[in-house]
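Results of the structural survey
Each chain is listed here by its residues.
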Number of protein chains: 2
Amino acid sequence: MGTKVSKSGDDATEVRRKEIVDAAASLFASKGIASTTMRDIAAHIGKTPGILYYHFKSKDDLLLAVHQRAEDWGEEIFASANKTDRDPWHNLEEASISHLQALLGRPDYAAIVGGRMPPKGTELRRNLVNIRDRWEQVFRDLIDKLPLKSDEDKKFLRMALLGALNHSAVWYRPDKDDPDVIAKQIVDLIRYRMSP
Amino acid sequence: MGTKVSKSGDDATEVRRKEIVDAAASLFASKGIASTTMRDIAAHIGKTPGILYYHFKSKDDLLLAVHQRAEDWGEEIFASANKTDRDPWHNLEEASISHLQALLGRPDYAAIVGGRMPPKGTELRRNLVNIRDRWEQVFRDLIDKLPLKSDEDKKFLRMALLGALNHSAVWYRPDKDDPDVIAKQIVDLIRYRMSP
DNA sequence: GTCTATAAGAAGATAGAC
DNA sequence: GTCTATCTTCTTATAGAC
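Remember, predicted model here, so these are calculated numbers, not experimental data. (Residues numbered from 1 in each chain as written. Chains lettered and ligands numbered in written order. Predicted model: local features only at pLDDT ≥ 70, side-chain atom pairs only at ≥ 80, totals over all residues. Heavy atoms only, no water.)

**Overview of the pattern of salt bridges**
The condition that has to hold: The rule for a salt bridge is simple: a side-chain nitrogen of Lys or Arg has to be within 4 Å of a carboxyl oxygen of Asp or Glu. Only DSSP runs of H or I with at least four residues qualify as helices, and only runs of E with at least two residues qualify as strands; both kinds are numbered from the N terminus onward. Relative accessibility thresholds used throughout: buried, under 20% of the residue-type maximum; exposed, over 50%; partly exposed, between the two (1.4 Å probe, protein chains only).
Tallied over the entire structure, the rule returns 27 salt bridges over all chains. Where D87(A) meets R191(A), a salt bridge forms, and the shortest distance between an N and an O atom there is 3.8 Å. A residue pair is termed long-range when its members are at least 10 positions apart, and D87(A) in the loop between α4 (59-84) and α5 (88-105) and R191(A) in helix α9 (residues 179-194) qualify at 104 residues. Judged by its relative accessible area of 18%, R191(A) is buried. Put simply, R140(B) and E136(B) hold a salt bridge, and the shortest N to O gap is 3.4 Å. Taken as a pair, R140(B) and E136(B) lie in helix α7 (residues 123-144) at a separation of four residues, close to a single helical turn. What makes R140(B) partly exposed here is its relative accessible area of 30%.

So, in structure tokens, the structure goes:
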């Protein structure tokens, strides 16, 4: 929806674009955006920098594509969490699990959640803020449905939950920890406190 | 201890170094390390880049100085939290408050906590990891004294707590929120769950 | 101590060959 | 579509004047 404006559905082109976005997302997440060069990205798929400028207008444009894909993921999470339509705490737990699976397994998603923002006033920044806001909205909606006293409680819970979840990317070890277990533990930590 | 090796205690020099570290820390925290240039730092104190290379060997050296100052802060927090020697949950709360005050009010501290690590294998990285480990030790020690069942619980609690605390830097608004209140709320969120 | 000037290199981006 | 070659700009860092 609204993502494909140009490049009229060429298949090979789409595959190549996806490959580039994958590489960029992976490097952005691991080295940081500013420290990742176009040469790095091209080398990562065994190509030269020229190819990047055939498929994307600029580095900012490429970064934007990474964000857009992460946003799509956010919407999927939202949809699946709402589909179940059970008790709201259970839905939040489901979304947290999906969120953590994506964060720990998908570099593009991790790049968004952990990445720093570009300077204020730039066009890129406005775009990214919009995307990130819509993404946070997923959790805002889920938490709104919880039986809590005040809006202040809700805001605070959202921040603490996202903070604890996102921080797991720092200490997570693929072969030792399980994203599902981590997410459940974190939600439980808060759940029984807020609604015993 | 072990910090002043060269520059035999010259007073004016120390003041200047401190001013530079302040500026660097502030910019590192707000724009990110890679996006902050030596020109930025010099301009921030109304000077030219040359001055930085008189007081520091390189950008990495300057970054290291920022980390070292943040580490000192960590040790101070640790000392003050241990001095009270009351119930361990209370000590943890005190440390969390100090931590958040520093995180939200001191750019050098924020630069460390939020900053990305340099590439593996570099000398700088080894230095920073050492410093960050010692800093995390502050919380590890405090949490070790809590009456919890398993070591797994302790590790998990430490990660969730630090995640929730550090994430507040993202949404904190100086004129609306109070660091002390935020820290207390976050500790309470976990405290009553783990030891009712 | 701090400045100016500048070297040496890296990064984003483009042009044109293939 | 992709590569090579290159331009321009920006960055770290140094040298030497003051």
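After presenting the structure, the write-up continues.
**So, the relation of the copies chain A and chain B**
Note the threshold: We place the copies in one frame by least squares, fitting the C-alpha atoms of every residue whose pLDDT is at least 70 in both. Any pair of residues with heavy atoms lying within 4.5 Å of one another is described as a contacting pair.
Expressed as a screw transformation, the operator carrying chain A onto chain B has a rotation angle of 180 degrees and an axial translation of 0.0 Å, and the superposed copies differ by an RMSD of 0.1 Å. Between the two chains, the operation in question is that of a two-fold axis. Most of the interface of chain A is mirrored in chain B, where 96% of its interface residues are also at the interface.

**Some remarks on the domain arrangement of chain A**
Residues and elements named next belong to chain A. Spelled out, the test is: All the domain ranges listed were derived from an automatic or database domain assignment. Whenever two N or O atoms come within 3.5 Å, that pair is a polar contact, provided that in protein one can donate a hydrogen and the other can accept it, and provided that, for residues adjacent in sequence, both atoms are side-chain atoms. Under the convention adopted here, Pro, Cys and the residues Ala, Val, Leu, Ile, Met, Phe, Trp and Tyr are nonpolar, Asp, Glu, Lys and Arg are charged, and Gly plus all remaining residues are polar.
One can read the domain layout of chain A as domain 1 (7-57) and domain 2 (60-194). The centre of domain 1, based on its C-alpha atoms, is set 25 Å off from the matching centre of domain 2. Linking domain 1 with domain 2 are one salt bridge. Among the salt bridges present, the one from R69 reaches D22, with a minimum N-O distance of 2.9 Å. Viewed at the interface, domain 2 and domain 1 are joined by two residue pairs in polar contact (both at pLDDT 80 or more). Taken together, the residues of the side of domain 1 that touches domain 2 sort by class into nine nonpolar, one polar and three charged.

**Concerning the protein's contact with DNA strand D**
Formally: We define proximity as follows: a residue is near a molecule or strand when any one of its heavy atoms falls within 4 Å of that partner.
Contacts to DNA strand D come from 15 residues, most closely from R16(A), T48(A), R39(B), Y53(B) and K59(B). Atoms of DNA strand D within 4 Å of the protein: sugar and phosphate make up 68%, bases the balance. Side-chain polar atom of T48(A) to a phosphate oxygen of DNA strand D: 2.9 Å apart, as the coordinates give it. Contact distances for DNA strand D include 3.2 Å between a phosphate oxygen and a side-chain N or O atom of Y53(B). When residues of the surface near DNA strand D are traced back to their parent elements, those giving at least two are α1 (11-31) and α3 (50-55) of chain A together with α2 (38-44) of chain B. Here the surface near DNA strand D gets three residues from one element, more than from any other, and that element is α3(A).

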